[in-house]
Amino acid sequence: MVGHDVALQAAAEQIGRAQDEKALRPSIAGFFDEATNTVSYVVHDPATCEAAIIDSVLDYEAAAGRTSYGSADRIVEYVNSHNLKVTWLIETHAHADHISAAPYLQEKLGGKLAIGAEIIRVQEVFGKLFNAGTDFERDGSQFDHLFTDGEKFDLGEIEGIALHVPGHTPADMAFIIGDAAFVGDTIFMPDFGTARADFPGGDARELFRSIRRLLSLPEDTRLFLCHDYKAPGRDEYAWETTVGQQRRENVHVKDGVSEDEFVEMRTTRDKTLAMPNLIMPSVQVNIRGGRLPEPEDNGVSYIKIPVNAV
């Protein structure tokens, strides 16, 4: 498959160069938010101290409708204590289970806010659901940069490339930095399986193909996941694995599982799942680049909850 996929071939070659030369591998720190089971990452080039923050979390107390910055401030402290320069604030997709802290981190640390170019499809679908009106632009302009499939970028002296991996949502992207792949919600730890594909615009068949695309990368490629829920029998949270381990062990999509088998399993399983607790505030804010809806005439922002619409 790699040979027929130009972007994937470029990613595989980049990973090979990084595996051969230590200076081309990034330093990675993971920050786990147990309230949303989300892992945020600070990825940096040790030579230049240029850094990317991936999938940050804004603390949100749903019952009170209050935001706070404890999770984000842990990242600010880490960046400052290591004298890092943030050049990218990356979202792997518009999350449905937590609110992004990217605008807050951008204000504190700088950097360009980026997401996959297909965010415009997600904005269109959820803009209609939330009746966002004509003042809500559905063109991705809330972000500083929209990544396309195969697009290359730099983190200091370390190479990066973006791969479009739809299925969980239409806009999901994996970001390969050096020899490390940040794969968002496409796949979980091998003992837990894969992400759901039943959100608006999601597609189980697309998800299977996206996962198999990622699993065509070199076997030693490090995969960094966006979530962990501790599979039955495992007592510790974990969020790092490899392509080889996933191909051998993933309970949903290891080698030998056919596309049709996966689609049947995923579709059946998704029908049993409740919506994420924070889906309404999360998506509503995240399609705006992590910014709250514009305040109303009393100066207060409001989160809409569409009734009987999902």
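Values in this document were obtained by computation on a predicted structure and should not be read as measured data.

Some details on the overall build of the protein
Then, number 1: Per the secondary structure count, the protein includes 8 helices and 14 strands.
Then, number 2: Projected onto the principal axes, the alpha-carbon positions of the protein cover approximately 60 × 50 × 40 Å.
Then, number 3: Put simply, the protein has 310 residues, and 53% of those count as buried.
Then, number 4: Across the protein, contacts joining residues at least 24 apart in sequence account for 66% of those joining residues at least 6 apart.
Then, number 5: If you sum the accessible surface of the protein, you get close to 13,700 Å²; carbon and sulfur atoms cover 47% of it.

Observations concerning the sheet that holds strand 14 (residues 240-242)
Then, number 1: Reading across from one edge, 9-10-11-12-13-14 is the order of the 6 strands in this open sheet, with mixed pairing throughout. Each edge of the open sheet carries a strand with a single partner, namely strand 9 (152-155) and strand 14. Taken pair by pair, the neighbouring strands of this sheet meet at an average axis angle of 30 degrees, ignoring direction.
Then, number 2: Here strand 12 (residues 180-182) runs beside strand 13 (residues 222-224); their pairing, made up of 3 bridges, is parallel.

Topic: the packing of aromatic side chains
Then, number 1: Scanning the model with the defined rule gives 17 aromatic pairs in all.
Then, number 2: Plain terms: the ring middles of Phe188 and Phe192 are 5.8 Å apart, the flat faces sit at 65 degrees to each other, and that makes the pair edge-to-face.
Then, number 3: Overall, Phe188 belongs to the buried group, its relative accessible area being 7%.
Then, number 4: For Phe192, a relative accessible area of 21% corresponds to the partly exposed category.
Then, number 5: Residues Phe208 and Phe262 carry aromatic rings whose centres are separated by 5.5 Å and whose planes lie at 45 degrees to one another, so their mutual orientation is tilted.

Side note on the nonpolar core
Then, number 1: In this structure, Val42, Ile53, Val79 and Leu105 are the most contacted members of the largest nonpolar core, which totals 38 residues.
Then, number 2: Mapped onto this core, the elements with two or more residues apiece are strand 1 (27-33), strand 3 (50-54), helix 2 (70-81), strand 6 (85-90), helix 3 (102-109), strand 7 (112-116), helix 4 (119-129) and helix 8 (279-286).
Then, number 3: A per-element tally of this core places helix 2 first, with 5 residues.
Then, number 4: For Val79, the contacting residues outside a window of four places in its chain are Val42, Ile53, Leu84, Val86 and Leu109.
Then, number 5: Ala174, Leu207, Leu215 and Leu223 belong to the second largest nonpolar core, which has 29 residues in total.

Examining the packing of helix 5 (residues 204-214) against helix 7 (residues 259-270)
Pairs of packed helices are described in terms of their axes, by the angle between the two and the distance that separates them.
Then, number 1: Remark: helix 5 packs on helix 7, axes separated minimally by 9 Å, with the N-to-C direction vectors making an angle of 125 degrees. Relative to helix 7, helix 5 is oriented oblique. Between helix 5 and helix 7 the crossing geometry is right-handed. Touching Ala204, Arg205, Leu207, Phe208 and Arg209 of helix 5 are Glu259, Asp260, Phe262, Val263, Arg266 and Thr267, all from helix 7.

Describing unusual backbone geometry
Then, number 1: Non-glycine residue Asn37 carries a positive phi angle of around 55 degrees.
Then, number 2: Mapped onto the elements of the fold, Asn37 is located in the loop between strand 1 and strand 2 (38-44).

Some thoughts on the pattern of salt bridges
Then, number 1: Summed over all chains, the structure comprises 16 salt bridges.
Then, number 2: In this structure, Arg213 engages Asp5 in a salt bridge whose closest nitrogen and oxygen atoms are separated by 2.7 Å. Within this pair, whereas Arg213 is found in helix 5, its partner Asp5 is found in the segment before helix 1 (6-20), the two being separated by 208 residues in sequence. Residues Arg213 and Asp5 agree in their burial class; the two are buried.
Then, number 3: Here the salt bridges do not stand alone but share partners, grouping Arg205, Arg209, Glu259 and Asp260 into one network.

Let's talk about the environment of Asp73
Then, number 1: Among the secondary structure elements, Asp73 is positioned in helix 2.
Then, number 2: On the basis of relative accessibility, which here comes to 33%, the residue Asp73 falls in the partly exposed class.
Then, number 3: Sequence separation between Asp73 and Tyr104 is 31 residues; the distance between their C-alpha atoms is 9.4 Å.

Re a negative patch on the surface
Then, number 1: A surface patch of like charges, here negative, comprises Asp135, Glu137, Asp139 and Glu294.
Then, number 2: Along the chain, the position of Glu137 falls in the loop between helix 4 and strand 8 (145-147).

Topic: helix 7
Then, number 1: With 12 residues, helix 7 ought to run about 16 Å at 1.5 Å a step, and its terminal C-alpha atoms sit 16 Å apart, in line with that.
Then, number 2: Residues of helix 7 that are buried include every one of Phe262, Val263, Arg266 and Asp270, and no others. Down the axis of helix 7, the buried set is contained in an arc of 100 degrees. They therefore lie on one face. With respect to the buried face of helix 7, the exposed residues turned more than 90 degrees away are Asp260, Glu264 and Thr268.
Then, number 3: Where helix 7 is buried, its residues touch helix 5.

Rules behind the numbers
- The residue count restarts for each chain, going from 1 along the sequence in the order it is written.
- Selection of residues for local features in this predicted model requires a pLDDT of at least 70, selection of side-chain atom pairs for listing and counting requires 80 or more, and totals for whole chains, interfaces and linings are taken over all residues.
- Hydrogens are left out, water is left out, and the side-chain values use all remaining heavy atoms of the structure.
- A run of H or I in DSSP counts as a helix once it spans at least four residues, and a run of E counts as a strand once it spans at least two, with each numbered from the N terminus.
- Throughout, exposure labels follow a simple rule: accessible area from a 1.4 Å probe, protein chains only, divided by the maximum for the residue type, with under 20% read as buried, over 50% as exposed, and the rest as partly exposed.
- Note on contacts: a residue pair is in contact if any heavy atoms of the two residues lie within 4.5 Å.
- Only the protein chains shown count as cover for residues, and all accessible areas are computed by the Shrake-Rupley method using a 1.4 Å probe.
- Strands qualify as paired when DSSP identifies two bridges or more between them.
- For helices, the fitted axis covers only the stretch in contact; all axes are lines through C-alpha atoms, and the angles between them, taken along N-to-C directions, range from 0 to 180 degrees.
- For this analysis, a ring pair means two rings from Phe, Tyr or Trp (six-membered ring only for Trp) whose centres lie within 6.5 Å, classed as stacked if their planes differ by under 30 degrees, edge-to-face if by over 60, and tilted for the remaining angles.
- Residues enter a nonpolar core if they are buried and are Ala, Val, Leu, Ile, Met, Phe, Trp, Tyr or Cys, with the set joined through side-chain atoms within 4.5 Å.
- Roughly parallel here means an angle under 35 degrees, roughly antiparallel means over 145, roughly perpendicular means 65 to 115, and every remaining angle is called oblique.
- Working rule for handedness: look at the near helix, and if it is turned counterclockwise from the far one by less than a right angle, call the crossing left-handed; if clockwise, right-handed.
- The term salt bridge refers to a side-chain nitrogen of Lys or Arg lying within 4 Å of a carboxyl oxygen of Asp or Glu.
- What makes a patch is a set of residues exposed beyond 30% relative accessible area and free of salt bridges, joined within 9 Å when like-charged and within 5 Å when nonpolar (Val, Leu, Ile, Met, Phe, Trp, Tyr).
- Positive residues here are Lys and Arg, negative ones are Asp and Glu, while His and the chain termini are left out of the count.
- We put the charge of a Lys on NZ, of an Arg on CZ, of an Asp on CG and of a Glu on CD.
- To estimate how far a helix should extend, the number of its residues minus one is multiplied by 1.5 Å.
- Here, the arc refers to the directions that run from the helix axis to the C-beta atoms.

The values reported here are purely geometric and, on their own, carry no functional implication.
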